[in-house]
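Listed here are the chains, written in short residue letters.
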Amino acid sequence: DAKTTQPNSMESNEEEPVHLPCNHSTISGTDYIHWYRQLPSQGPEYVIHGLTSNVNNRMASLAIAEDRKSSTLILHRATLRDAAVYYCILRDLNSGGSNYKLTFGKGTLLTVNP
Amino acid sequence: EAQVTQNPRYLITVTGKKLTVTCSQNMNHEYMSWYRQDPGLGLRQIYYSMNVEVTDKGDVPEGYKVSRKEKRNFPLILESPSPNQTSLYFCASSSHFTYEQYFGPGTRLTVT
């Protein structure tokens, strides 16, 4: 699996935007970029995914660099409930029909200050 | 409500005493999987199942068994637990047609 690099930790203030970066310089053309988060004492939770274009959903936005070697998860207004470990994961589009395994790295621990 | 449930949520047991951790999903998902999470090692896949009666090993299958007799259930069996299986276990499920995986709340297992 292609590798991702994320900062170990980031800090934000409540109601401010948060930009969580992820580097994936060895990404292949068929790798989707997924983001999951894990709140304290809970299982991982899907946030968003994309391939080439920027994506928006009710939880967040995903900005993907033109060369796809990096991406940024954007939380538009952080709340205390957004404090979690955020994982950037690459998954091969061609894995359909076989294992849908997610390879979790260490992620970024986001702290949100009131 | 769409969800993955696991039971028990917490379990303390002794070495060698067989146990089963249940996982059930109500979303009619074809794919189910088990992960363990350990400090410094992240989440690692134990076993997965692409559909009923179809299971395969993940990255760390030693000491575990699974079965998939019904679509909604995917139990994890530890026939002879050892202390190195002390961990936090997560079950996950997904449809073949979407990219989103749903995770259960976790089972914290301690083997003494």
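Note that this is a predicted model, so its numbers are computed, not measured.

## Focus: the nonpolar core
Counting residues in hydrophobic clusters, the biggest one holds 21 residues, and the most contacted among them are A:Leu20, A:Ile33, A:Trp35, A:Leu73, A:Leu75, A:Tyr86 and A:Leu110. Ranked by residues supplied to this core, first place goes to strand β8 (residues 84-92) of chain A with 4 residues. In this structure, A:Leu20 is in contact with A:Met10, A:Trp35, A:Ser71, A:Thr72, A:Leu73, A:Tyr86, A:Thr108 and A:Leu110, ignoring residues within four places of it in sequence. Membership of the second largest hydrophobic core comes to 19 residues, among which are B:Met32, B:Trp34, B:Tyr47 and B:Leu78.

## Thoughts on the packing of aromatic side chains
Per the counting criterion, the structure on display carries 10 aromatic pairs over all chains. The structure contains a cluster of three or more aromatic residues connected by ring pairs, namely A:Tyr36, A:Tyr46, A:Tyr87, A:Phe104, B:Tyr35 and B:Phe103.

## Section: the sheet that holds β8(A)
Residue and element names in this part refer to chain A. In space, the 5 strands of this open sheet follow the order β1-β9-β8-β3-β4, with mixed pairing throughout. Lying at the two open borders of the sheet, with one neighbouring strand each, are β1 (9-13) and β4 (45-50). Neighbour-to-neighbour, the strand axes of this sheet turn through a mean angle of 25°, independent of strand direction. Looking at chain direction, strand β3 (residues 31-38) and β4 are connected through 5 bridges and run antiparallel. The residue of β4 that forms the bridge with Trp35 is Ile48.

## Structural notes on the state of the cysteines
Residues and elements named next belong to chain A. Within this structure, the stated rule accounts for 2 disulfides over all chains. Disulfide pairing is shown between Cys22 and Cys88; the S-S distance is 2.1 Å. In this structure the cystine formed by Cys22 and Cys88 twists about its S-S bond by roughly -85°; its chirality is therefore left-handed. Pair noted here: Cys22 is in strand β2 (residues 18-23) and Cys88 is in strand β8, with a separation of 66 residues, a long-range link.

Here is what the cut-offs are and how they apply
- Residues numbered from 1 in each chain as written.
- Chains lettered and ligands numbered in written order.
- Predicted model: local features only at pLDDT ≥ 70, side-chain atom pairs only at ≥ 80, totals over all residues.
- Heavy atoms only, no water.
- Core = buried A, V, L, I, M, F, W, Y, C linked by side-chain atoms within 4.5 Å.
- Buried < 20%, exposed > 50% of the residue type's maximum accessible area, 1.4 Å probe, protein only.
- Helix = DSSP H or I, 4+ residues; strand = E, 2+ residues; numbered from the N terminus.
- Contact = heavy atoms within 4.5 Å.
- Phe/Tyr/Trp six-rings, centres within 6.5 Å; stacked < 30°, edge-to-face > 60°.
- Pairing = 2+ DSSP bridges.
- Axes fitted to C-alpha atoms, helices over the stretch in contact; angles between N-to-C directions.
- Disulfide = S-S within 2.5 Å.

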